[in-house]
Amino acid sequence: MRKSLTIGAAVATVALLLTACSSNDKDVSSGTGEASPGFLSVADTSLPTGGTLHADLDYDTVEANGLDPRFATTPRSWTIEGLSYQTLVAVDQKFGFKPELATSWDIVSPTQYVFHLRKDAVFSNGRPMTADDVKGSIELLQESKSSWALQLGPISSVVVNAPDQVTINLSAPYTALLGALANTPAAIVPAAEVRAGTVDLAKQMVGTGPYVALSHVQDESWTFEKNPHYYDAKKVGPDKLDIKIVPDEASRLAAIRDGSVQYAFFNNADTLDLLAGTKEVKAVNQQNTDFYYLILNSTDPSSPLHDEKVRFAVNAAIDRAQLSDLTLAGHGKATGVTPVGLPGSCSPSQLPSAKLSKDDITKLLKDAGASNIHLSLVTWNVESAPGKIAQVIQQQLRPYGITVDIKVVDTATYTAAFYGGDKTASADLGISWYAGYGDAAMVSRWWNTEQATFTSRFMTESKSLNDLVVQANEEPVGASRDAVLTKLCAEVDRTAEQVPLMTRPGVIAFRTDKLSATINSTEGYGDLFRYVTDFRLTGSK
Amino acid sequence: MRVLRWLPGRLLSALVVLVGASILIFVAIRSLPGDFSQIVLGPLSSDAAKEQLRQTLGLGKSLPEQYALWLGNAMHGDFGLSLASQRPVLDEILARLPVTAMLAVIAMIVTVLVGVPLGIFAGTHASTGRRSVVTRIVSTIGISLPEFVIGSIVVFLFSRFDLGLSVGGFVSPAQDFGAGTVSLLLPAFVLSVFCVAATARTTRDSVMGVLVEPHIAAAVARGESPWFIVRHHVLRNALIPVLTLTATITAYLLGGAVIVEQVFNVSGLGSYLVLALSRRDYTVIQACVLLATAVFVVASLLVDVLTGVIDPRVSVAKKGRRA
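Residues numbered from 1 in each chain as written. Chains lettered and ligands numbered in written order. Predicted model: local features only at pLDDT ≥ 70, side-chain atom pairs only at ≥ 80, totals over all residues. Heavy atoms only, no water.

Some remarks on the overall build of chain A
And step 1. A count of helical and extended segments in chain A gives 15 helices and 24 strands.
And step 2. Taking 541 residues into account, the globule formula puts the C-alpha radius of gyration at 24 Å, and chain A, at 25 Å, falls close to it.
And step 3. On the principal axes, the C-alpha backbone points of chain A span a range of 80 × 70 × 40 Å.
And step 4. Within chain A, the proportion of its 541 residues that are buried is 57%.
And step 5. As presented, chain A carries roughly 20300 Å² of accessible surface, and 53% of it is formed by carbon and sulfur atoms.
And step 6. Taking the 47 positively charged and 61 negatively charged side chains of chain A as two groups, their mean positions are separated by 3 Å. (Helix = DSSP H or I, 4+ residues; strand = E, 2+ residues; numbered from the N terminus. Rg over C-alpha atoms; globule rule 2.2 N^0.38 Å. Buried < 20%, exposed > 50% of the residue type's maximum accessible area, 1.4 Å probe, protein only. Areas by Shrake-Rupley, 256 points an atom, 1.4 Å probe, with all protein chains shown as cover. Lys, Arg positive; Asp, Glu negative; His and termini not counted. Charge placed at Lys NZ, Arg CZ, Asp CG, Glu CD.)

Here we look at the overall build of chain B
And step 1. Counting its regular elements, chain B contains 12 helices and zero strands.
And step 2. Mapped from its N terminus to its C terminus, chain B presents α and β elements in the order α-α-α-α-α-α-α-α-α-α-α-α.
And step 3. Put simply, chain B has 323 residues, and 42% of those count as buried.
And step 4. Of the roughly 16200 Å² of accessible surface on chain B, 70% is carried by carbon and sulfur atoms.
And step 5. If the 25 positive side-chain charges of chain B are averaged to one point and the 17 negative ones to another, these points end up 12 Å apart.

Focus: the environment of Thr503(A)
Residue and element names in this part refer to chain A.
And step 1. Along the chain, the position of Thr503 falls in strand E19 (residues 498-503).
And step 2. Separated by 213 residues in sequence, Thr503 and Asp290 have C-alpha atoms that sit 5.6 Å apart.
And step 3. If near-sequence neighbours (up to four positions away) are discounted, Thr503 is found in contact with Gln287, Asn288, Asp290, Phe291, Tyr292, Leu328, His331, Gly332, Lys333, Thr335 and Val340.
And step 4. A polar side-chain atom of Thr503 sits 3.2 Å from a polar atom in the side chain of Gln287.
And step 5. From its side chain, Thr503 meets the backbone nitrogen of Lys333 in a polar contact 2.8 Å long. (Contact = heavy atoms within 4.5 Å. Polar contact = N/O pair within 3.5 Å; in protein donor to acceptor, adjacent residues only side chain to side chain.)

Structural notes on the interface of chain A and chain B
By a widely used convention, the size of an interface equals the accessible area lost when the partners come together.
And step 1. At the interface, 35 residues of chain A touch 35 residues of chain B.
And step 2. Carbon and sulfur atoms supply 56% of the area buried between chain A and chain B, which totals about 2900 Å² over both sides.
And step 3. When the area that chain A buries against chain B is broken down by residue, the three leading residues are Val62(A), Arg257(A) and Ala412(A), summing to 16%.
And step 4. Note that Arg280(B) and Asp410(A) form a salt bridge whose closest N and O atoms lie 2.7 Å from each other.
And step 5. There are nine residue pairs in polar contact (both at pLDDT 80 or more) connecting chain A and chain B.
And step 6. For the side of chain A that touches chain B, the elements supplying multiple residues, two or more each, are helix H1 (2-24), strand E12 (240-245), helix H7 (249-258) and helix H13 (411-419) of chain A. (Buried area = accessible area lost by both parts, 1.4 Å probe. Salt bridge = Lys/Arg side-chain N within 4 Å of Asp/Glu carboxyl O.)

Considering the sheet that holds strand E9 (residues 165-170) of chain A
Residue and element names in this part refer to chain A.
And step 1. Spatial strand order, E6-E7-E9-E8: four strands in an open sheet with antiparallel pairing. Both outer strands of the open sheet, strand E6 (102-109) and strand E8 (155-162), are each paired with one neighbouring strand and no more. Pairwise comparison of adjacent strand axes, ignoring direction, gives a mean angle of 20 degrees for this sheet.
And step 2. Where E8 and E9 come together, six bridges link them in antiparallel fashion. Bridging across to E9, Ser157 finds its partner in Asn169.
And step 3. Sheet strands touched by helix H3 (residues 131-144): strand E7 (112-117), E8 and E9. Its angle to E8, the strand with the most contacts, is close to 170 degrees. (Pairing = 2+ DSSP bridges. Axes fitted to C-alpha atoms, helices over the stretch in contact; angles between N-to-C directions.)

Observations concerning the nonpolar core
And step 1. Ranked by internal contacts, the top residues of the largest apolar core, which has 151 residues, are Phe115(A), Tyr263(A) and Trp447(A).
And step 2. Residues contacting Trp447(A), with those up to four places away along its chain left out, are Phe291(A), Val337(A), Tyr434(A), Met459(A), Leu465(A), Asn466(A), Val469(A), Val492(A), Gln498(A) and Pro500(A).
And step 3. In this structure, Ile106(B), Val154(B), Leu245(B) and Leu253(B) belong to the second largest nonpolar core, which totals 29 residues. (Core = buried A, V, L, I, M, F, W, Y, C linked by side-chain atoms within 4.5 Å.)

Comments concerning unusual backbone geometry
Glycine aside, negative phi is the norm for most residues, and most peptide bonds take the trans geometry.
All names here are of chain A.
And step 1. Backbone geometry at Lys145 places phi at a positive 55 degrees, although glycine is not the residue there.
And step 2. Structurally, the position occupied by Lys145 is in the loop between H3 and helix H4 (147-152).
And step 3. Classification of Lys145 as exposed rests on a relative accessible area of 73%.
And step 4. A positive phi angle is found at Ala329, which is not glycine, with a value near 55 degrees.
And step 5. Position of Ala329 relative to the elements: it lies in the loop between helix H10 (320-327) and helix H11 (358-367).
And step 6. For Ala329, a relative accessible area of 31% corresponds to the partly exposed category.

Considerations on the sheet that holds strand E16 (residues 373-380) of chain A
All names here are of chain A.
And step 1. The strand order across the open sheet formed by five strands is E17-E16-E18-E15-E19, and the pairing between neighbours is mixed. Of all the strands in the sheet, the pair left with one neighbour each is strand E17 (402-409) and E19. With direction set aside, neighbouring strand axes in the sheet form an average angle of 25 degrees.

Focus: a nonpolar patch on the surface
Residues and elements named next belong to chain B.
And step 1. Together, Leu12, Leu15, Val16, Val19, Ile23 and Val27 make up an exposed nonpolar region whose accessible area comes to about 520 Å².
And step 2. Its place among the elements puts Val16 in helix H1 (residues 2-31).
And step 3. Residue Val16 is classed as exposed on the basis of its relative accessible area, which comes to 56%. (Patch = residues over 30% accessible without salt bridge, like charges linked within 9 Å, V, L, I, M, F, W, Y side chains within 5 Å.)

Notes on the side chain of Asn448(A)
And step 1. Positionally, Asn448(A) belongs in the loop between strand E18 (429-434) and helix H14 (463-474).
And step 2. Every residue in contact with Asn448(A), bar those within four places of it in the chain, is listed here: Asn466(A), Val469(A) and Val470(A).

A look at the packing of aromatic side chains
And step 1. Applying the stated criterion to the full structure yields 23 aromatic pairs over all chains.
And step 2. These aromatic residues form a ring-pair network of at least three members: Tyr414(A), Phe418(A), Tyr419(A), Trp446(A), Phe454(A) and Phe458(A).
And step 3. Taking the ring centre of Phe26(B) as reference, the NZ or CZ of Arg30(B) above it sits at 3.7 Å.
And step 4. Sitting over the face of the ring of Tyr272(B), Arg96(B) holds its NZ or CZ atom 4.3 Å from the ring centroid. (Phe/Tyr/Trp six-rings, centres within 6.5 Å; stacked < 30°, edge-to-face > 60°. Lys NZ or Arg CZ within 6 Å of the ring centre and 35° of its normal.)

A few points about the confidence of the model for chain A
And step 1. When pLDDT is averaged across chain A, the result is 92; 94% of the residues are at 70 or more.
And step 2. Contacts of residues 15-30 of chain A to residues separated by more than four positions or lying in other chains number 20 contacts, the stretch itself having pLDDT below 50. (pLDDT = per-residue confidence, 0-100.)

Brief notes about the packing of helix H7 (residues 147-160) of chain B against helix H10 (residues 226-264) of chain B
Residue and element names in this part refer to chain B.
And step 1. Relative orientation of the contacting elements H7 and H10 amounts to 35 degrees, with a least axis distance of 10 Å. Crossing angle aside, the handedness with which H7 passes H10 is right-handed. When H7 is examined against H10, the residues Glu147, Phe148, Gly151, Ser152, Val154 and Val155 are found in contact with a partner set consisting of Tyr252, Gly256, Ile259, Val260, Val263 and Phe264.
And step 2. Taken together, the residues of the contact of H7 with H10 break down into eight nonpolar, three polar and one charged. (Left-handed = near helix turned anticlockwise from the far one by under 90°. Nonpolar A, V, L, I, M, F, W, Y, C, P; charged D, E, K, R; others polar.)

Regarding the packing of H14(A) against helix H15 (residues 479-495) of chain A
Residues and elements named next belong to chain A.
And step 1. Where H14 contacts H15, the axes come no closer than 9 Å and their chain directions differ by 150 degrees. For the element pair H14 / H15, the angle class is roughly antiparallel. Here the hand of the crossing between H14 and H15 comes out left-handed. Where H14 abuts H15, its residues Ser464, Leu465, Leu468, Val469, Gln471, Ala472 and Asn473 lie against Arg481, Val484, Leu485, Lys487, Leu488, Glu491, Val492 and Thr495.
And step 2. When its residues are assigned to classes, the contact of H14 with H15 shows eight nonpolar, four polar and three charged. (Parallel < 35°, antiparallel > 145°, perpendicular 65-115°, else oblique.)

Here we look at the pairing of E16(A)
All names here are of chain A.
And step 1. The buried fraction of E16 is high, at six of eight residues.
And step 2. With eight bridges joining them, E16 and E17 adopt parallel strand pairing. Its bridge partner being in E17, Trp380 is matched across the sheet by Val409.
And step 3. Note that the unit made of E16, helix H12 (residues 385-397) and E17 has a crossover that is right-handed.
And step 4. Inspection of the sheet shows E16 paired to E18 by three bridges, in the parallel sense. Considered in E18, the bridge of Val378 is made with Gly430. (Right-handed = clockwise from strand over helix to strand, strands pointing away.)

Put into structure tokens, the structure is as follows:
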């Protein structure tokens, strides 16, 4: 008996000592502060270039048309394909636009843009890029009828004025044109070869970007090497990128902790706390213009949500600040349909729903004859946040006599519930997220039932909302546009069929003993390697 | 020769099992909500685009037609293309199979080398109070704890502290056999915990059952040494139930490998199947389930053959049933 107690005490002591020792290995890693305006971390580009960057991502690109950038629909596709492709313009850290393949541009009128092109851009197959490639790429995107073709807006023609100049003509004003041109699906490709069939974009990535894909094992890994034809090849940091696809967050956490990788991405906001105190690891919270939203299915006449008053009451009952605290460790920001942080975005605190008191909400439900109602809520399980958001919303609605039954399902089941073959969605509520992009009005297209027909299963057509979306995308930048965006936010808030909740932050962690990295504070297109060319590998490579 | 009498019947029933499993999984996965076109095109695509993709992938045909096409090709070793990667499913399985096989083999080796001796020790020292209690507690914990719990603890400990093995960097044995094998040690250990506990318990019970047999008492009376008695009189009789357990363990290893591969990010068949399920990649799911069924059926057959070899008293009546 005494021997057993002695052994037990010894084991407990060792465990305590190990825990104590680990907590003494300090390098403060938690990062929400900026290293410089617009950046959470800035690489020391005076360090020598070279070496292999080892990185972990959460999922791979899986698209119906393979690697064809025109059909890239997910941020990971944009991230990975963006290593090989470039666009005419890019977003900067303040969500302005900066030159990329276009060195400058002139907005001649709201319907005419003239782009002046780089003369030294070369595709990875060795052919110089020309103005005909720009014209051809935009036309190929339009012909594809992909979802990004819709975002491209009402382009009526692309004219080659000179070997290094193109004009894009629009049939109507479209303020978000630059935002649409800044994302990977609008990449400039070798148009002649694509039309001739000698380059199959589904299988090959032939772009002007800094890296060329060496190998790809689906859902396992990517290997890239520096593109020798890239115009700034000498300034590109890592010679090689070794990207592993690691769906499990704990595995990515283990890899960054033990140094197997130098750079990793995490969806779970708690990762900042989990990595706090980990030696030689810096974890930063990167804000996104992406945001979570709640679907309130208005198309079922027998559902309480068919009544706009009930939907508005549900919207008003959701406490976004509490939602962020409990589910995203306080890192999500309340937002309207114009993602908070983008120029011209509306203030969530000024929305109609934010001005209702608890008594107002109760009265609204009573007037609508909605008491003791049951709603079904479906969300998906790939990330942990949607399930947590569902639970908090369930608790927030309970005091108003609204009972929410939650189902957390896989992505396929969720997709079938809201976008499947039936005329109306099969659940009352749903939680998902949208990419917010780089222009305040771009994402609002998904609220226009005429353009975004996939919403017809849970949104009732509203001409006033559709018109506001069109107007928001046409109005030129300035005070009048800001006024339209505010009206749009209010209308989305009031009709409450897709209700923006809060931004969707991500955590990026990197090894400070092996990597000097540049990371922007806010990302609009999910590009985790936006500044990879600035990265410098330090120590053992 | 006695084995040859019942073998044809067993092979026929194995074939029936395989075909039945293929029909079951074919129908089951198509009954799930959502299909591949919805997943890969995403919610922002039009209904027309989704339908076009379904037609291109052959998903628009009737179910019996799809099954007949698939079965006909499968019998020639063609399991179709993965809907996600558009690569032959067989190639992708063959690339991942060695990893899962190695994982299972290492786990099985640990199970036999640790579980059996542990069980024999526990069985032969059952009367010595404290040791017996400790052994039973350890085996109960080993059987009760799920792999994802043990795996998560192992991942945390080995990533948080420098304990000699890395958990974050799986290396494929095809790329580097040495490094790949080392990277599989921890996942194999996690996979083997339940197997060791179950094997130890079964061996212990079996040994204790044999030790009370009259021939053991006779051996003791003859003055044979304990080690000689265990080696020549106990083991052979006690191992029959353990062999039967092996077939069950094979099924467990296949299922447990799915979880362990997810936790340790091992690129084996288990993680391949999980991803295919979430994407509704029908061709991959069908092929993997068929393969798993085949492995289990073969393992059961082998166990039956070995049992007959080890214990000649096991005889076979007419019509392929054992006495």
